[in-house]
Every structure is written in structure tokens, then in C-alpha cells.
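# Examining the three-dimensional arrangement
The residues making up each chain are set out below.
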Amino acid sequence: MQETPQQYTERLLSYSEGKEPMRLQQAAPKRLAGLIKGKNKKQLARRPAPGKWSIAEIVAHLADAEIAIAWRLRQILSNNGIPVQAFDQDAWATTFDYAHRDPKESLELYRVLREANLAMLKAAPRQLWENYGVHQERGNESIGHIVRMIAGHDLNHLRQVEQILNGTR
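Read on for an overview of the structure. Everything numeric here is computed off the predicted structure, so don't read it as measured data. (Residues numbered from 1 in each chain as written. Predicted model: local features only at pLDDT ≥ 70, side-chain atom pairs only at ≥ 80, totals over all residues. Heavy atoms only, no water.)

### Some points on helix 2 (residues 21-36)
One full turn of an α-helix is made of 3.6 residues, so residues set three or four places apart face in the same direction. The end-to-end C-alpha distance of helix 2, which contains 16 residues, comes to 23 Å, matching closely the 22 Å that a straight helix rising 1.5 Å per residue would cover. Approximately 35 degrees is the largest bend angle found in helix 2, and it occurs at A28, with the proline P29 only one to four residues beyond. For helix 2, every residue scored as buried is listed here: P21, M22, Q25, A28, P29, L32, L35 and I36. Elements that come into contact with the buried residues of helix 2 comprise helix 3 (41-45), helix 4 (55-78), helix 6 (103-123) and helix 7 (143-166). (Helix = DSSP H or I, 4+ residues; strand = E, 2+ residues; numbered from the N terminus. Expected span 1.5 Å × (residues − 1). Bend = angle between axes of the 7 residues up to and from the residue. Buried < 20%, exposed > 50% of the residue type's maximum accessible area, 1.4 Å probe, protein only. Contact = heavy atoms within 4.5 Å.)

Pasting the structure below:
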């Protein structure tokens, strides 16, 4: 059964509850790099089950999600109350051929974009963190809320990668 947007939000926020989301975000690319270091293409391309993403696909998703996040953050910081369009991650995975993307290139893109996004957030005046966008599926989301969601999103996918590597997924 597909989870609702509210259930998705609650699940992601639960992963980073009580932790510093900016630190989690800063650590995520390095943690991911450590997980996939020394793994061959076959290991990274193996899907744990039909219809489930491989590690390579998860890394490509994280890179592309960071592009969407970069745009959303900048839009909301500069235009309070702006509508925020959802994106279909499965359509992106198919359209942009995540299954055949080089995981090392995806990881580097993710790392560089994340660094830029964190630098931008640190430089943004703190009062702008109250700005919000109106997500088409989840409603009003402030910058502070989105920062916590991103940290949870990272932890969700890092757990998936660990489970695939341990053969538990």
C-alpha cells in the first residue's frame, strides 16, 4: 500500500528527530561514499527485488533530488508562499536512465550540489527560514521544515543502501 504524503513526511521527519539536520546533511555524501567505496558495478547495479532501486539508482536519485531541492530552496527563500511542484521520482529514474548512470559521477554531483546548498542555507538570513512554499501534495513547508525533510530523506536512502549491501533488502 502506498503511503500518504502525510505518512511520508512523518516517516522522514522521524529519522532525523532530535538530531541536527544541517550536520546530517553535511555528513551524508561522505557516509554514502564510504558505503559504496570498493564496490564493483555489478554490486552497485543489483536490484534487491523487482521494482526496487539498485544502489546506483539510489545514488542517481539523490543527485537529481538535490537539483530539485536547490531550486525549491532558492524559490522559497526569494518568494515566500510560492507554489512548489512535486516531481515523480520514478518518471525521473526512467527518463534519466538511473539504471545506467555512473554511480561515482552521481555521487560527485550529489556532493557538490549539497555543499552549495548548505553554503547557501548558512548564508541566508535566519528570518527567511520561516518562508514557506506550498507543496502541491504536502501543503505549506517552511525552509526549516524542508531542511529536516532533506536530512530524513538522506537517512532513508542511506539505510536502503546499507540494507542492500547487507542483503537484508
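Here the narrative resumes.
### Regarding the environment of S16
Among the secondary structure elements, S16 is positioned in helix 1 (residues 5-16). Take S16: its relative accessible area is 4%, and that puts it in the buried class. Counting along the chain gives 43 residues from S16 to V59, while the straight-line C-alpha distance between them is 20 Å. Once residues within four sequence positions are removed from consideration, S16 is found in contact with L24, R148, A151, G152 and L155.

### Here we look at the packing of helix 2 against helix 6
A pair of packed helices is captured by two measures, namely the crossing angle of their axes and the spacing between those axes. For the pair helix 2 and helix 6, interaxial distance at closest approach is 10 Å and the crossing angle is 170 degrees. Between helix 2 and helix 6, the angle is such that the two are roughly antiparallel. Residues M22, Q25, Q26, A28, P29, L32, A33 and I36 of helix 2 pack against L107, Y110, R111, R114, L118, L121 and K122 of helix 6. Residues belonging to the contact of helix 2 with helix 6 are distributed by class as follows: 10 nonpolar, two polar and three charged. (Axes fitted to C-alpha atoms, helices over the stretch in contact; angles between N-to-C directions. Parallel < 35°, antiparallel > 145°, perpendicular 65-115°, else oblique. Nonpolar A, V, L, I, M, F, W, Y, C, P; charged D, E, K, R; others polar.)

### Re the sheet that holds strand 1 (residues 82-84)
Pairing is mixed in the open sheet, where three strands are placed in the order 1-2-3. Unpaired on one side and paired on the other, strand 1 and strand 3 (139-142) mark the two borders of the sheet. On average, each strand axis in the sheet is inclined to that of its neighbour by 40 degrees, with strand direction left out of account. Both strand 2 (residues 132-135) and strand 3 contribute to a ladder of four bridges, which runs antiparallel. (Pairing = 2+ DSSP bridges.)

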